[in-house]
Each structure stands twice: as C-alpha cells, then as structure tokens.
Amino acid sequence: MPLDAAQTKETMRTFAQQVFVNSGYTANVDTDAVESAVTAIVSFIEANTAAINNAIPEPFKSTASVEQKRHLVGLVAAKLAGIL
C-alpha cells in the first residue's frame, strides 16, 4: 500500500531531522531528491513484496502478518544503517 502525500512528507521530515538536524550533518540533497527517493523505495518494496516474503523463513513467513513482516524489514534496514 503506497504512501499518500502526507505520509511521504512525514517520512521526508523524519529523514531530514534524523540524518541532518540531529546528527549535525550538512544537508547534501534537496527535498525533491529525498521525495523522489522515498517514492522510489516505496515502489521497490511494493514491486518486490513476493521476493521479500520468499526470503523470510518459516514459520515466521506463514504466521506473521504483512505489517509484522514490513516492520521486521524496517528494523533490519535501520540496524544495517546504524540507526538502532
């Protein structure tokens, strides 16, 4: 389920706050670039839902909800990014 305009803007604000403001880094991308990246990542996740699901082993794959699987993917990505 793609993000609506408000959710996209909220994601952009959160990214900017966490990556640039809180970390003290100079913003090296503009808002259009961040918005395009958010939209592209949403499209990628939506287009690859089956592949992501197939990468998850049983019994988690068959018992977890879609929301739980997406949450786990997000947590793993955050850990890889050094956020967690």
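Look above for the structure.
Conventions and cut-offs
Residues numbered from 1 in each chain as written. Predicted model: local features only at pLDDT ≥ 70, side-chain atom pairs only at ≥ 80, totals over all residues. Heavy atoms only, no water. Phe/Tyr/Trp six-rings, centres within 6.5 Å; stacked < 30°, edge-to-face > 60°. Buried < 20%, exposed > 50% of the residue type's maximum accessible area, 1.4 Å probe, protein only. Helix = DSSP H or I, 4+ residues; strand = E, 2+ residues; numbered from the N terminus. Expected span 1.5 Å × (residues − 1). Lys, Arg positive; Asp, Glu negative; His and termini not counted. Salt bridge = Lys/Arg side-chain N within 4 Å of Asp/Glu carboxyl O. Contact = heavy atoms within 4.5 Å. 1 Å grid on protein atoms, 1.4 Å probe; cavity = no way out; pocket = protein on both sides within 12 Å on 5 of 7 lines; lining within 4 Å. Points joined across faces, edges and corners; volume = space filled by probe spheres on them. Nonpolar A, V, L, I, M, F, W, Y, C, P; charged D, E, K, R; others polar. Arc of directions from axis to C-beta. Polar contact = N/O pair within 3.5 Å; in protein donor to acceptor, adjacent residues only side chain to side chain.

(A) Structural view of the packing of aromatic side chains. Tallying each qualifying case throughout the model produces one aromatic pair. With 5.8 Å between their ring centres and 90° between their planes, Phe 15 and Phe 20 make a pair best called edge-to-face. With relative accessibility at 34%, the residue Phe 15 sits in the partly exposed group.

(B) Representation of helix α5 (residues 66-80) in the model. In this model α5 runs 21 Å from its N-terminal to its C-terminal C-alpha over 15 residues, within 8% of the 21 Å that 1.5 Å per residue would give. Where α5 terminates, the next one or two residues include Gly 82, which has phi positive at roughly 80°.

(C) Quick look at the side chain of Lys 69. Looking at where Lys 69 falls in the secondary structure, it is placed in helix α5. As a buried residue without a salt bridge, Lys 69 has its nearest oppositely charged side chain in Glu 58, at a separation of 7.6 Å. In this structure, Lys 69 is in contact with Asn 53, Ile 56, Phe 60, Lys 61 and Ala 64, ignoring residues within four places of it in sequence.

(D) Expanded view of the layout of surface pockets. Of the pockets and cavities examined, the largest pocket occupies roughly 1400 Å³. Contributing to the lining of the largest pocket are 38 residues, with Ile 41, Ile 45, Arg 70, Gly 74 and Ala 77 lying nearest its centre. Every element with two or more residues in the lining of the largest pocket is listed here: α1 (5-21), α2 (31-47), α3 (49-55) and α5. Of all the elements, α5 adds the most residues to the lining of the largest pocket, at 12 residues. Among the residues making up the lining of the largest pocket, the classes are represented as 26 nonpolar, eight polar and four charged.

(E) Molecular detail of α2. Helix length check: α2 (17 residues) gives 24 Å between terminal C-alpha atoms against 24 Å at 1.5 Å per residue, within 8%. Of the positions making up α2, those classed as buried are Val 34, Val 38 and Val 42. Down the axis, α2 shows its buried residues gathered within 75° of arc, on one side only. Counted as exposed and oriented over 90 degrees from the buried face of α2: Asp 32, Phe 44 and Ala 47. Structurally, α2 contributes buried residues whose contacts are with α1. At the N-terminal end of α2, a side-chain oxygen is found 3.2 Å from the backbone nitrogen of Asp 32, two or three residues along, and the residue is Asp 30.

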